[in-house]
Amino acid sequence: MGEQYANPPLIEAFCQFNFEQDTDWDATMPGLVFNQLKDEGFTKKKQANKIGFEIQVVGNQSNPQLIPVADRVQFYNEEETALFQVGPYFLAINVLKPYPSWITFKDLISKGLQAYLNVTEAKTFKTVSLRYINDFEFEGINISLEKNFDFRPHFPQGFPENYGPFLLGSQFNYDEGQNQLQIQLTTVENGPDKTKLRLDLVYATQNLEGLKSEEILNWLELAHDRIEFGFEHSLKEDLKRTFGIKEG
Amino acid sequence: MERNSYFLLDSPKLTNEATVSEGRTLFNPNNFKNHRGVELLRNLDTLISDAAILTGRESNIVLQDLRNETTSITYTIHRKLSVIDKLNFSYKEKERVIDYLKQNTELLDLIIESYSVIRNHFRFDPLTLKLHSDTETGYEDYLILTILTGLKATEAIKELDKIDDEWWLNNFHRANDKLSIDLVYR
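Being a predicted model, the structure only gives us computed values, none of them experimental.

Notes on the overall build of chain B
Across its full length, chain B holds seven helices and seven strands. Scanning chain B from its N terminus toward the C terminus, one meets helices and strands in the order β-α-β-β-α-α-α-β-α-α-β-β-α-β. Within chain B, the proportion of its 186 residues that are buried is 44%. Partitioning the intrachain contacts of chain B with sequence separation of at least 6 by distance along the chain shows that 59% fall at a separation of at least 24.

A short note on the overall build of chain A
Across its full length, chain A carries five helices and nine strands. Each helix (α) and strand (β) of chain A, taken in turn from the N terminus, gives the series β-α-β-β-β-β-α-β-α-β-β-β-α-α. Expressed as a percentage of the 248 residues in chain A, the buried residues total 52%. In chain A, of all internal contacts separated by at least 6 residues, the share reaching a separation of at least 24 is 67%.

Comments concerning the pattern of salt bridges
Overall, the coordinates contain 25 salt bridges over all chains when judged by the stated rule. With a shortest N-O distance of 2.9 Å, Arg226(A) and Asp175(A) are connected by a salt bridge. A residue pair is termed long-range when its members are at least 10 positions apart, and Arg226(A) in helix 4 (residues 216-234) and Asp175(A) in the loop between strand 7 (167-174) and strand 8 (179-190) qualify at 51 residues. For Arg226(A), a relative accessible area of 16% corresponds to the buried category. For Arg186(B), the salt bridge goes to Asp125(B), with nearest N and O atoms at 2.5 Å. With Arg186(B) in the segment after strand 7 (179-185) and Asp125(B) in the loop between helix 6 (106-121) and strand 5 (127-134), this pair connects stretches of sequence that are 61 residues apart.

Things to note about the nonpolar core
Among the nonpolar cores identified, the biggest contains 60 residues, and Phe17(A), Phe19(A), Phe105(A) and Leu130(A) are the most heavily contacted of them. The element that contributes the greatest number of residues to this core is helix 2 (residues 102-120) of chain A, accounting for nine residues. When neighbours within four sequence positions are excluded, Phe17(A) is seen to be in contact with Tyr89(A), Phe90(A), Leu91(A), Ile93(A), Ile109(A), Leu113(A), Phe125(A), Thr127(A), Val128(A) and Ile216(A). The next biggest cluster of nonpolar side chains, apart from the first, holds 34 residues, and it includes Val83(B), Phe89(B), Ile163(B) and Leu183(B).

Quick word on the side chain of Gln16(A)
Summarising the element assignment, Gln16(A) is placed in strand 1 (residues 10-19). Side-chain polar atoms of Gln16(A) contact the side chain of Asn18(A), separated by 3.1 Å. A distance of 2.6 Å separates a polar atom in the side chain of Gln16(A) from a polar atom in the side chain of Thr71(B). Setting aside residues up to four positions removed in sequence, Gln16(A) forms contacts with Phe90(A), Leu91(A), Ala92(A), Thr127(A), Val128(A), Ser129(A) and Thr71(B).

Here we look at the packing of aromatic side chains
Within the structure shown, the criterion is met by 23 aromatic pairs over all chains. Consider the rings of Trp102(A) and Phe105(A), whose centres lie 5.9 Å apart with planes at 80°: the pair is edge-to-face. Here Trp102(A) and its partner Phe105(A) are both found in helix 2, three residues apart, which amounts to about one turn of the helix. An angle of 35° between the planes, with centres 5.5 Å apart, marks the rings of Trp167(B) and Trp168(B) as tilted.

Considering the sheet that holds strand 5 of chain B
Residue and element names in this part refer to chain B. Spatial strand order, 4-5-6-7: four strands in an open sheet with mixed pairing. The two strands at the open ends of the sheet, each matched to only one other strand, are strand 4 (89-92) and strand 7. Geometrically, the sheet is characterised by an average inter-axis angle of 30° between neighbouring strands, direction not taken into account. Sheet topology note: the strand 4/strand 5 ladder contains four bridges and is parallel. Bridging across to strand 5, Ser90 finds its partner in Thr128. Running at roughly 20° to strand 6 (residues 139-149), helix 6 makes contact with strand 4, strand 5, strand 6 and strand 7 of the sheet.

Structural notes on helix 5 (residues 94-103) of chain B
Residue and element names in this part refer to chain B. Considered for burial, the residues of helix 5 that qualify are Val97, Ile98, Tyr100 and Leu101. All buried residues of helix 5 lie within an arc of 160° about the axis, which places them on one face of the element. Seen from the open side of helix 5, the exposed residues pointing more than 90 degrees away from its buried face are Glu95 and Gln103. Buried positions along helix 5 lie against helix 4 (73-86), strand 4, helix 6, strand 5 and strand 6.

Thoughts on the side chain of Asp109(B)
Residues and elements named next belong to chain B. Tracing the backbone shows Asp109 in helix 6. You can call Asp109 buried: its relative accessible area is 11%. Among the polar contacts listed, one links the side chain of Asp109 to the side chain of Lys80, at a separation of 2.9 Å.

Basis of the calculations
Residues numbered from 1 in each chain as written. Chains lettered and ligands numbered in written order. Predicted model: local features only at pLDDT ≥ 70, side-chain atom pairs only at ≥ 80, totals over all residues. Heavy atoms only, no water. Helix = DSSP H or I, 4+ residues; strand = E, 2+ residues; numbered from the N terminus. Buried < 20%, exposed > 50% of the residue type's maximum accessible area, 1.4 Å probe, protein only. Contact = heavy atoms within 4.5 Å. Salt bridge = Lys/Arg side-chain N within 4 Å of Asp/Glu carboxyl O. Core = buried A, V, L, I, M, F, W, Y, C linked by side-chain atoms within 4.5 Å. Polar contact = N/O pair within 3.5 Å; in protein donor to acceptor, adjacent residues only side chain to side chain. Phe/Tyr/Trp six-rings, centres within 6.5 Å; stacked < 30°, edge-to-face > 60°. Pairing = 2+ DSSP bridges. Axes fitted to C-alpha atoms, helices over the stretch in contact; angles between N-to-C directions. Arc of directions from axis to C-beta.

In structure tokens:
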């Protein structure tokens, strides 16, 4: 996203694969995927805990507890700027700031997917999505949305200029609805000294019938093009100028 | 004391989506990622609210976490901070504590887990989070979770030892010397 920019606003991008449960899964598989990826520099292993809950009732008292639910393993690179997440019928490849470039990211996706398919022998994709999350920081509050964004909420005349937090989202359908691009612009921080807005773009497919693993990279290329189009056309030139242009 | 455990969520409709192991009903967030899951969550919301009223605890906050997808590192950190914010901690210089947690995200799960574990032993005692900085010695900053207890010292230490045995000794390595759990007597 924003390949040409010196300081792009991207804070995270990731590609997520979910597979149909038509093959066996066992707990040794993340370790086997790790073995295939550690030569690529992904040597830090972490257990990702979600927060689950549990309720017991003892006598007349219930006892709800928050408990960690381990369901996926993360493999980070040394700088912790990129990671693979491996779980049952699930694979994700994340890159964090600084964004490496689409070519590098796509290469990581390809390697991660190949390793996962080799180990798990997963056969059928359930969902695939590509997502880019961008944060924009502005000094002060009530910044001019009109000056910075083409994708923005429209406030009718007569509304207070002090507009506070907002949430705007829309889905755009491609290929007769087989693929969707969702764009969301939201307030992350609202004052007192600064405003942070987030532009979150996700491209996903709902119809994977017949999609083969070797065709995934073509699907991703198109997904990236459409996300980039969404990104470039959501922002005004004034805002883009603040990112600077990469030299060379 | 005889421990007669049964499960609030032990209805046939709900157990379809639950993993039952070792006499405990454990709900896996993965099971809620479908349309039925949404309906189940509504039911669970009510049940957990009831449980929260019974116990005075903030159990319903967890549902918000389960509803969101967790692949994004950015959103996961944000969500965990949001969960911590809703737990009943008080803060000394809250902004510094939150900044420290943002920089040391490995502490987020520990803080959330610690709340539940500590509440089993120090049910109503105030819990405070503060950042310890020692600029003179140059030691690294670390977070202190203080339990301000009304128990007698011998009882309080006994409870803290239980926390050590049940949880902290198996997990303190995850803190990388960045979290300390201390007792203060009222």
